[in-house]
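Listed below are the residues making up each chain.
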Amino acid sequence: MNTSCGANLELSRCIALSPVCRSKSCVPNFQGFSKKLLPLCKDIHARCNKEGSVRLSVTCSASKVDTAADEPSSLTYKDAGVDIDAGSELVKRIAKMAPGIGGFGGLFPLGDSYLVAGTDGVGTKLKLAFETGIHDTIGIDLVAMSVNDIVTSGAKPLFFLDYFATSRLDVDLAEKVIKGIVDGCQQSDCALLGGETAEMPDFYAEGEYDLSGFAVGIVKKDSVIDGKNINVGDVLIGLPSSGVHSNGFSLVRRVLKQSGLSLKDQLPGETITLGEALIAPTVIYVKQVLDIINKGGVKGIAHITGGGFTDNIPRVFPKGLGAIIYEGSWEIPPVFKWIQEAGRIEDAEMMRTFNMGIGMVLVVSPEAANRILGEGQKTSIAYRIGEVVKGDGVSYS
């Protein structure tokens with residue numbers, strides 16, 4: 001294929017997709033081709049050779065095109081302003097200065113136990129709270145992001161502290177947010193020990209606020225879940241999520257803008273709105289996971305947050321081990337299907353950005369897997385989503 005395009009056009013914008021031969025003529029199929037670029041491609045020729053293959057020549061004449069306003073062929077998290085690779089690089093650099101970090105929670109020795117601490121926020125999901133006016137569940141997300149991290153070590157959360165910052169304190173709004181935090185602490189059976197309320201004039205937009213918090217838990221040294229005993233053939237058990245949870249919202253908001261829909265519009269094919277589907281609070285897995293751990297056979301646990309399956313699952317594996325994920329082994333919530341379709345997002349990007357319907361992954365022995373899946377039929381849903389194999393990283397089959 002020969003292409004000749006103006007200097008300000010991306011090469012990918014100059015390629016007509018899937019030219020096909022029909023009898024004696026060739027007809028290029030321009031489905032998915034840039035609507036802004038197509039009118040500029042004045043000279044389009046397609047010719048079939050004797051073997052039936054196509055030679056397509058497209059000449060685009062334009063000295064300047066506003067491609068920034070054009071829709072990209074496939075959105076990525078990086079397009080939305082979040083660079084996962086940059087975050088991973090920062091963790092590596094910090095690890096050189098403070099060896100031992102990098103797990104889901106930080107461990108501090110205390111007698112025959114470890115204190116396990118985790119800290120987090122809820123990211124740009126806060127934007128949805130501002131837009132929907134739903135503030136009484138965002139505190140659940142805040143607690144969940146920390147307690148779900150520390151339970152991956154087998155730690156029982158002890159207490160939580162929060163930080164609430166705003167330009168002008170709206171007491172009624174702040175009360176709703178704190179109510180969510182209290183609910184989250186009750187769900188994880190930990191105490192809300194205290195927090196900080198900061199009023200910072202001119203720092204935040206009117207009616208907006210920021211949230212962060214941290215949790216501390218405890219686990220016996222001989223009961224720590226650290227992944228060291230994971231072997232080839234161990235089973236990956238997935239616990240279902242409630243939806244997007246609290247990661248990937250920069251990309252979600254970009255998709256929403258591109259789709260032309262609003263948070264008040266119905267999620268296509270469903271009975272709830274997009275706002276309701278996206279604001280659904282993060283599942284707190286503490287009680288369920290601790291119950292499973294107490295019955296034995298759990299070797300590693302990964303909280304599926306930013307980085308999705310691709311980056312989070314390998315964090316619990318010893319060197320030389322990886323995972324195969326069984327595609328189609330669990331039900332993907334409709335909200336993810338909409339995000340992927342509306343954003344035209346590649347499968348690999350979805351698996352590296354979102355939890356895709358699985359918020360927590362347990363690496364367990366085959367015997368424990370059978371027990372967990374059997375009990376799950378009576379109490380809560382769990383899926384056999386993969387297995388441990390030799391190699392590195394995560395593959396899908």
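What you see is a predicted model, and the numbers here were worked out from it, not measured in a lab.

What counts and what doesn't
- Residues numbered from 1 in each chain as written.
- Predicted model: local features only at pLDDT ≥ 70, side-chain atom pairs only at ≥ 80, totals over all residues.
- Heavy atoms only, no water.
- Helix = DSSP H or I, 4+ residues; strand = E, 2+ residues; numbered from the N terminus.
- Buried < 20%, exposed > 50% of the residue type's maximum accessible area, 1.4 Å probe, protein only.
- Contact = heavy atoms within 4.5 Å.
- Areas by Shrake-Rupley, 256 points an atom, 1.4 Å probe, with all protein chains shown as cover.
- Pairing = 2+ DSSP bridges.
- Axes fitted to C-alpha atoms, helices over the stretch in contact; angles between N-to-C directions.
- Phe/Tyr/Trp six-rings, centres within 6.5 Å; stacked < 30°, edge-to-face > 60°.
- pLDDT = per-residue confidence, 0-100.
- Core = buried A, V, L, I, M, F, W, Y, C linked by side-chain atoms within 4.5 Å.
- Salt bridge = Lys/Arg side-chain N within 4 Å of Asp/Glu carboxyl O.
- Patch = residues over 30% accessible without salt bridge, like charges linked within 9 Å, V, L, I, M, F, W, Y side chains within 5 Å.
- Right-handed = clockwise from strand over helix to strand, strands pointing away.

**So, the overall build of the protein chain**
Helices and strands together make up the secondary structure of the protein chain, namely eleven helices and 16 strands. Here the protein chain holds 397 residues, and 43% of them are scored as buried. A separation threshold of at least 6 residues defines the contact pool for the protein chain, and within that pool the share at least 24 residues apart is 80%. A total of about 20000 Å² of accessible surface is found on the protein chain, and carbon and sulfur atoms cover 52% of it.

**Quick notes on the pairing of strand β14 (residues 358-364)**
In terms of residue burial, β14 counts as a mostly covered element, since seven of its seven residues are buried. Across six bridges, strand β11 (residues 235-240) lies against β14 in antiparallel orientation. The partner of V235 across the bridge, within β14, is V364. Bridge analysis of strand β12 (residues 298-303) against β14 gives five bridges, and the strand direction is antiparallel. When the sheet's bridge partners are listed, H303 is paired in β14 with M360.

**Some thoughts on the sheet that holds β14**
With mixed pairing, six strands are arranged side by side in an open sheet as β12-β14-β11-β15-β13-β16. Strands with a single pairing partner mark the edges of an open sheet, and in this sheet they are β12 and β16 (394-396). Here the average twist between neighbouring strands, direction ignored, is 30°. Taken together, the four bridges between β11 and strand β15 (residues 383-390) define a ladder with antiparallel strand orientation. In the sheet register, G238 faces β15, and the bridge partner there is Y383. Where helix α7 (residues 286-294) meets the sheet, it contacts β11, β12 and β14, and its direction lies at approximately 165° from that of β12.

**Description of the packing of aromatic side chains**
Two aromatic rings are characterised by how far apart their centres lie and by the angle between their planes. On inspection of all chains with the given rule, the structure shows five aromatic pairs. Every member of this aromatic cluster is reached through a ring pair, and the members are F130, F164 and Y209.

**Details of the confidence of the model for the protein chain**
Of the residues in the protein chain, 76% have a pLDDT of 70 or more, and the chain-wide mean is 83. Across residues 1-69, where pLDDT falls below 50, the model places 103 contacts with residues more than four positions away in sequence or in other chains.

**Some remarks on the sheet that holds strand β7 (residues 113-120)**
To summarise the sheet geometry, strands pair through backbone hydrogen bonds and adopt either a parallel or an antiparallel arrangement. The five strands are arranged β6-β7-β10-β8-β9 in an open sheet whose pairing can be described as mixed. Sheet topology places β6 (106-110) and β9 (191-199) at the edges, where each strand pairs with a single neighbour. The sheet shows a mean angle of 20° between the axes of neighbouring strands, taken without regard to direction. Judged from the five bridges that link them, β6 and β7 form a sheet pairing that is antiparallel. Paired with L110 across the two strands is S113, which belongs to β7. On the sheet, helix α3 (residues 138-150) packs against β7, β8 (156-166) and β10 (209-220) and is oriented at approximately 35° with respect to β10. Along the sheet, helix α4 (residues 171-187) makes contact with β8, β9 and β10, crossing β8 at roughly 165°.

**Digging into the nonpolar core**
Note that soluble globular proteins tend to have their nonpolar side chains buried in a common cluster. Counting 91 residues, the largest nonpolar core has L236, I237, F309, I313, F317 and I339 as the members making the most contacts within it. Ranked by residues supplied to this core, first place goes to α3 with seven residues.

**Considering the pattern of salt bridges**
Tallying each qualifying case throughout the model produces nine salt bridges. Here K127 and E208 are joined by a salt bridge, their closest N and O atoms 4.0 Å apart. Taken together, the residues K127 in helix α2 (residues 125-132) and E208 in the loop between β9 and β10 connect sequence positions 81 residues apart. A residue is classified by how much of its surface remains accessible, and K127, at 33% relative accessible area, is partly exposed.

**Here we look at the environment of F309**
By the element assignment, F309 lies in helix α8 (residues 308-312). In this structure, the C-alpha to C-alpha distance between F309 and M350, residues 41 residues apart in sequence, is 9.2 Å. Ignoring anything within four residues of it in the chain, the contact list for F309 reads I304, P314, I325, W330, M351, F354, N355, M356, I358, I385, V394 and Y396.

**So, a nonpolar patch on the surface**
On the surface, F108, L110, L158 and I218 cluster together into a nonpolar patch covering about 340 Å² of accessible area. Along the chain, F108 falls in strand β6.

**So, the pairing of β9**
Across eight bridges, the pairing between β8 and β9 is parallel. Directly across from D162, in β9, lies its bridge partner G195. Each parallel crossover has a hand, and the one from β8 via α4 to β9 is right-handed.

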